[in-house]
Amino acid sequence: MKKKNLYIISKLYASFLILALFPVNEIFAQKAEVLNSQNDSILKESKMIDVAYGKQSYDGVTSSMSTVYSKDLNKVTAVTVDDALIGRLPGLTLQQSSGEPGAGMGIYIRGRNTYNGSGPLVIVDGFRSDYDQLSIYEIKSISILKDASAVALYGQEAANGVLLVTTKRGEIGETKIEVNANFGVQQISKKPDLLNAKDYATLYNQARENDGLYEKYSATDDIPNYGKGGVYQFTHPDNDYFDECMSSLASVATAGMNISGGSDALRYMVTFGYMHNGGMYKNTDENDAYSTQAFRNKYNLRTNLDVKILDNLTAQIDIGGYLDNRHYPGIAAGNILSAIYSTPPQEYPIINPDGSLGGSASYTDNPYGLITSKGYQTLLSRNLDMTLHLKYDMGNIVKGLALGIAGSSQNYMRLWDNKTKNFATYSIDYAPDPEDYDPSIPDAFAYTMHNDDTELNWVTAAYSSRRMNFEANASYDRTFGDHSFQGLLMYHLDRYETSDNYYKFSNAGFGFRGHYGYKSKYFAEFTAGYYGQEQYKSGHRFGFFPAGAVAWIASKEDFLKDNNSVNYLKLRLSYGIAGGEAFGGTTVHNRIYYNQYYSGAANSYFGTTNQTAYMGRVEGIMANPDISWDKSYKTDLSVEGTFFNHIKMMFDYFYDRRTDILSYDNKVLGTIGLNGGYNNGGEVKNKGYEATLSFFDNTGDFQYSINTGIWYNHSEIVKNPSATIYQNDYRSSIGKPVGQNFGYVTNGFYDAASVANMTVIPSFGDVQEGDTKYEDLNGDNVINDDDVTSLGYTGIPEYTYTLGLDLKYKKISLSLMGQGTMHSSYMLGGYYIPFATQGNAFEYAKDSWTSATASTAKYPRLSSVQNSNNNQGSKIWLLSGDYFRLRNVELGYDLPVEWASSLHFANMKVFVHGQNLFTWAKDIDFTDPETLMNYPALKSYTLGINLSF
Amino acid sequence: MLKYKFIQFAFLVVFLSTSCDSFFEVDDREKITLETVSASDADVSAMWAYLYYSFDNGFNEISNAMIANACDEADLNQPFSAVQAYNEGSWNSKNTPGTLYFNLYQEIHNACQFLSVTDTLNDIRFNYEEYYYVDKPRYNQLKWNMKAYRMDAEFFKAYCTFELWKRYGNIALVDNVLSKSEAASLQRSSTDDVIAYIIPKLDDVISQFDELSQMTDVEYVNGKWSDQYLGRITKGAVLALKCKVLLYAASPLNTKSGTYDKELCAEAAQAAAQIINMGLYSTNISYREMQFNTASSNPENILDARVGITASNYMEQWNYPLGGSDLYVNSSVGSNATCPSQGLVDSYETVDGSDVNAADPYSNRDPRLKMTVLCNNEIFNEGTVESYIGGLAGIGEKNCTTTGYYLKKFIQDKVKLPSGTTTSHLWYVFRYGEVLLNYAEAMFYAYGPTAMQGYVTNGSDLSAVDAVNLVRNRPGVGMPALPTLSEAQLRNERRIELAFEGQRFWDVRRWKIAEQTENSPLMGMRITKISDNNFSYSIEQIETRKFDNAMYHLPIPYTEMTNYPDWVQNDGWSN
């Protein structure tokens, strides 16, 4: 590991200690619980960890994984499962790019180890599925499986890691009912700092002056009048579109009820989940018949049964489903937000004196109108999952042997039901003189209409998908004295189809796992998958994915057994090959490349007025029969321990070499006349670590745990056939991380002298004073694409860290968790460059170059017209994406048992949650550092109750 | 239901153990391979139809901009458009906006593939004998259609080869479906070899048209396709390509001497004369109507890109000036406007030869000016064009002109954007006006401005200046006939007549005058309103333009150069 990384860790840890502010590494809290109860035979079941296709004891786990349990998931008022995972699983990076109801997050396990799709494989209760629609209350645990040993049984789709979700099951005992309810409000986390009318007009004039154009807004007749009352509110408005459209409070609520219990013969768990997530738009009730608010209501229902059919035959019968109803304004959030950012604040009054919508020739997307007058859209999703597992215990024939079969069916259906319309806007052609203005005479104005009002137009679009799984297995679990053996041989088959076409996604193969333990302190495991997929040619379909792992519980050795300073110490090492899916497409044309396919092509036309369209047909991209899956060679090494009864730590190092990455070959001969082709020519290295440290004391009235965690990864593209070849290494994406930012190195701004004596000529047109000067990296006296180099980092942070604190004093508990990232970069472009797209600008436009501020300016001169020199991606526009957020706060109070029992409750806890209450961003301080110009991220405050009886 | 599915699955499992592959096989309904395509008449004709996609619609040739914006004809009002790289001089082998190198080779490959699939000599299927006794009309139609299809494919090979050569100079010639190793050993051919490849191929297709027109029930009669098939290649179109290829080959850029090659000029003139002699085409249509008439009654139309006749209004959205009651639509109006340059406007003569009236510069001009360029204070689509400073469509406003002018050519004024009406557009591949000007140029350099050689036999023979005068004297233009012709007049006539038809960019190159025309700043008109109908005008520089001699040819794309380490990049391009 690089010294720099160590330095950063040590620095971080030191500052954590000083601040006494620590991240919750929730898995640690959980592990602590497990460890503390090591001798507690009643809790033996909870020591079992869900791994791929089975369970293992905590000690016996030889692979790298992290788990979070429902107790911690419930510390968050989560409108999506992702909300509850942020900062909870070392090695998991989540990126939220929108706060819109229903928006998901980017999810990466140990960053990206390929430049193709990087999402993990998701497994729910043993089968491929989606997790983000589940209710937080039906989930028992979520794990990420990180090394080759953990994922080998998943064959060709496992190289990005696996997200393993396990739902709750009933336990033997009386009927238990648990009720959770949270409700509260959400607020915009950070309002973007856009210019007001006076500043906009002043700066826009400055830009025009820089361009040698006449002043657009008069310093005497226009600028002083913005925001004045009377007729000026119509002729010289000063709109804060964001406030007019976005800043209301939104409602949020989650609720769940779990009914569980049962006998030896039948155990059950029934979960009902409800989630409501309101939208942030204002003025959504302008239409009598319908609302144009964004919101999402989700209802989940799950029944998990464990049935003992015969003494040696048990069944698990699970049915889970949801209704997910989303409602949006008649146009996408992106368009609404874009109108807010791209309409100058003084362009027109939002509402004209006669009540009509304001508009102008150039800006007809009145942001208020987009919310109120575009109609509405609904997205209705339904899903039903059914799973059956049968397990036959062969113990009477061979002790320890069991046979099982399982099947599952998932049926998903989605319907867009949109009722949208267009609206007219009106620009004011004539307004009365300010002295003559009488608000009671709206007719005093004359207007020009833009666009037309239309009636609601109905469009529906449906989509459905079906997945069928089958599994058969034989398992063996027996201990002979000091020797324990666990074995699993399984067969798995998976088929997925959608309503889009006739394509069938098929996946099948065998898996084997052998696990050996000696004296419960030495463990060795061999795992292998042999899987095939439909996207490869017959004969090339099946791949073999072996992995081996060993673990040593050093603390059980005699020399440490009674050591008071080392309570627990485990070392672990694994190595193996995981398979990576080649293509994520959904048709033969973007998924099957072993065969040469033809596709429909653009029509050609013949004839006169009633011309005839002739469908075209043309070869798709060049076939390659040798196409194969990626191979990810994963090495993983970890140590974890508990010391002095109060300190826990874990360190997990990984090195991942992913080869044979499917890549579009850029070097296909143009003369051959076919569109490129794919080959297995790519390679990416990825390495990093996860580290956690916590201090805890869970004895006595005052209990605490202070937790810190940090995880890091750094990737490097070794080979990529689709990468453009450059003469200079600095320009090439090879040798850089996946997704590296590139741009020009800047060297201040031109002044009069440097414009007069230009030795290095930029190739973006003429420059003048105040334009950005770039470094001529290759020394050819021309600034062009050859001078572009890597700048900053990628868009996905290399470091994620968490700081947290859990306190409990008698009945009162406080839990805080903060999460931050480091080493990511964002390159500003488009709207972010003042006036580049003729819209409004952010406050930082004031830091642009003027002749007076030439020495201190941060940004080049403002420009109202083409300025391709200054708008190039460069160091000037590169921002650090670093941020820190106080993700959640929970303050809880357990009501005294006697109160609860007088109300017939076994337990009763009331709590308040706060989410994203505080945000710090290094560079992106003008808007939310995660969602930027998208639908903004939100804070929330909720009040909750947890009852069980 | 679930139970049934499980049983089905259990069977699948058993099946899998015996025959693994069938589980993974692609559904037959998704399989569209060469085998299935060549077995279907509809798919074979779809392969042919796609060849016509080679005729690029010039309205969005370079990243949604006309190529006029990459030369001295115009400036695009979109600062970020890729086309600006040509004007900034920032293009190179890694960034050649609108490069068609790969597309053109793909189209050549498609034509070769079509010819190999429909090999009528070796594949009896394409002799359609099974229909001979059962369905004679169908047999006849399939027969003549297949002949025409295959002639088209040969034509497209020649056409795309010419387009490649026009752009890149020496190019690798491809006449067959190539394997990787065959492609890897290709070398670039000289201009002489390229011309020697194209011309015989075109001559062969030309001669086949006579056979085609003799076939039973054929819809190609007297050199024209029936209305239903309008837009397919005709003998006139092939001759027009031949004439153009020869004229380009004869031009200073492409000759060893750097001056016109008289022999090639004479051949070009003869090819043009063959078209004139067909008697099918004339300039007897007004200059404005010529821009829209997609019917067979348009005597100018030798061949157009029929992709344009699908009704649309994007050209109107991009180019309409803001202003007038129903011209306001949304922020896309004027969002991608091609703004004609002052240089182009200046090239229009005055009707009577007098000086331009500085106070009213757009009056008394060649009528083609107002049929090509929308000037200030004109009435257009029920509104007045306000391109003066501060006007609704004035210089510097959002989505407004950068030069003071808007494009009128090919822009239909009957389109009502607010109600979303659309209309056909016409993009010429070859038109008669161009053929006459090709003839004039070829005759001029072969024999001088007024000489005749007896090439034109249908009607009176034509000299260079006679051909130019035919163009000047069309209905609605009626510019006075020129008594004789200078090089400057010849070139100016071509600039005006063929403005915005994708010719100028290449003309200034083959004439080797781009180092002057493309290196001068682009000028526009700054118009100040004094009072209603009273304006003052001053010419101002809009932007500087950069051209160096390397740019006479496009660079071979960088990735292709890395494929062929022994190829030498075009002169002046670094890699």
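Predicted, not measured: the structure shown is a model, and the values here were computed from it. (Residues numbered from 1 in each chain as written. Chains lettered and ligands numbered in written order. Predicted model: local features only at pLDDT ≥ 70, side-chain atom pairs only at ≥ 80, totals over all residues. Heavy atoms only, no water.)

Let's talk about the overall build of chain A
Each helix and strand counted, chain A has 14 helices and 43 strands in total. Computed over its C-alpha atoms, the radius of gyration of chain A comes to 31 Å, within 12% of the 30 Å expected for a compact globule of 949 residues. Its C-alpha atoms give chain A principal-axis dimensions of roughly 100 × 75 × 70 Å. In chain A, which comprises 949 residues, the share counted as buried stands at 59%. Long-range contacts, defined as pairs at least 24 residues apart, comprise 71% of the intrachain contacts of chain A with a sequence gap of at least 6. Within the structure as shown, chain A displays about 36500 Å² of accessible surface, and the carbon and sulfur contribution to it stands at 55%. (Helix = DSSP H or I, 4+ residues; strand = E, 2+ residues; numbered from the N terminus. Rg over C-alpha atoms; globule rule 2.2 N^0.38 Å. Buried < 20%, exposed > 50% of the residue type's maximum accessible area, 1.4 Å probe, protein only. Contact = heavy atoms within 4.5 Å. Areas by Shrake-Rupley, 256 points an atom, 1.4 Å probe, with all protein chains shown as cover.)

Focus on the state of the cysteines
Residue and element names in this part refer to chain B. Counted by the stated rule, this structure contains zero disulfides over all chains. Cysteine Cys160 is unpaired, with the sulfur of Cys112 as its nearest cysteine sulfur at 9.8 Å. In this structure Cys160 comes out as buried when scored by relative accessible area, which is 0%. Residue Cys339 stays outside any disulfide, its sulfur separated by 9.1 Å from that of Cys400, the closest cysteine. (Disulfide = S-S within 2.5 Å.)

As for the pattern of salt bridges
All names here are of chain B. Scanning the model with the defined rule gives 91 salt bridges over all chains in all. Linking Asp72 and Arg495 is a salt bridge whose minimum nitrogen-to-oxygen distance equals 3.5 Å. Of the two residues, Asp72 sits in the loop between α4 (41-51) and β1 (74-76) while Arg495 sits in helix α16 (residues 487-497), which places them 423 residues apart along the sequence. Taking the relative accessible area as the measure of exposure, Asp72 reaches 10% and is therefore buried. A relative accessible area of 13% places Arg495 in the buried class. By sharing partners, the salt bridges in this structure join Glu300, Glu349, Asp366, Arg368, Lys409, Arg431, Arg472, Arg474, Glu493, Glu497 and Glu501 into a single network. (Salt bridge = Lys/Arg side-chain N within 4 Å of Asp/Glu carboxyl O.)

A look at the packing of aromatic side chains
All chains considered together, the criterion is met by 93 aromatic pairs over all chains. Arranged with centres 5.6 Å apart and planes meeting at 80°, the rings of A:Tyr614 and B:Trp48 form a pair that is edge-to-face. One end of the pair, A:Tyr614, is in strand β26 (residues 612-619); the other, B:Trp48, is in helix α4, on a second chain. Classification of B:Trp48 by relative accessible area gives buried; the value is 0%. (Phe/Tyr/Trp six-rings, centres within 6.5 Å; stacked < 30°, edge-to-face > 60°.)

Focus: the nonpolar core
Counting residues in hydrophobic clusters, the biggest one holds 185 residues, and the most contacted among them are B:Phe55, B:Phe155, B:Ile233, B:Phe430 and B:Tyr439. Excluding residues within four positions of it along the chain, B:Phe155 makes contact with B:Phe55, B:Leu202, B:Val205, B:Ile233, B:Ala237, B:Val238, B:Leu241 and B:Phe430. (Core = buried A, V, L, I, M, F, W, Y, C linked by side-chain atoms within 4.5 Å.)

With respect to a nonpolar patch on the surface
All names here are of chain A. A grouping of Phe183, Ile812, Leu891, Tyr893, Val910, Val912 and Leu943 is seen on the molecular surface, where their side chains present a nonpolar patch of about 580 Å² in accessible area. If you list the elements that add at least two residues to the nonpolar patch, you get β41 (883-894) and β42 (907-921). Along the polypeptide, Phe183 turns up in strand β10 (residues 173-188). Judged by its relative accessible area of 52%, Phe183 falls in the exposed class. (Patch = residues over 30% accessible without salt bridge, like charges linked within 9 Å, V, L, I, M, F, W, Y side chains within 5 Å.)

So, the sheet that holds strand β3 (residues 65-69) of chain A
Residues and elements named next belong to chain A. If you walk across this open sheet you meet the five strands as β3-β8-β9-β6-β7, and the pairing is mixed. Looking at which strands have only one partner, the edges of the open sheet turn out to be β3 and β7 (127-128). The sheet contact formed by β3 and strand β8 (residues 139-145) spans five bridges and is antiparallel. Among the inter-strand pairings, Tyr69 is bridged to a residue of β8, identified as Ser141. (Pairing = 2+ DSSP bridges.)

Side note on the interface of chain B and chain A
In this assembly, 87 residues from chain B lie in contact with 85 residues from chain A. Both faces considered, chain B and chain A share a buried interface measuring about 7500 Å² in area, 60% of it formed by carbon and sulfur atoms. Taken together, the connections running from chain B to chain A amount to four salt bridges. Where B:Glu25 meets A:Arg541, a salt bridge forms, and the shortest distance between an N and an O atom there is 3.6 Å. Here chain B and chain A share 22 residue pairs in polar contact (both at pLDDT 80 or more) between them. (Buried area = accessible area lost by both parts, 1.4 Å probe. Polar contact = N/O pair within 3.5 Å; in protein donor to acceptor, adjacent residues only side chain to side chain.)

Regarding the side chain of B:Asp304
Residues and elements named next belong to chain B. Within the secondary structure, Asp304 is located in strand β4 (residues 301-304). Given the relative accessible area of 2%, Asp304 is considered buried. A polar side-chain atom of Asp304 sits 2.9 Å from a polar atom in the side chain of Asn301. At a separation of 3.1 Å, a polar atom in the side chain of Asp304 contacts the side chain of Arg306. Ignoring any residue separated from it by four or fewer positions in sequence, one finds Asp304 in contact with Ile309, Leu426, Trp427, Tyr428 and Val429.

Things to note about the confidence of the model for chain B
The predicted coordinates should not be examined in detail at positions where pLDDT is low. With 95% of its residues at a pLDDT of 70 or more, chain B has an overall mean of 90. The complex model carries a pTM of 0.82, and its ipTM stands at 0.84. (pLDDT = per-residue confidence, 0-100.)

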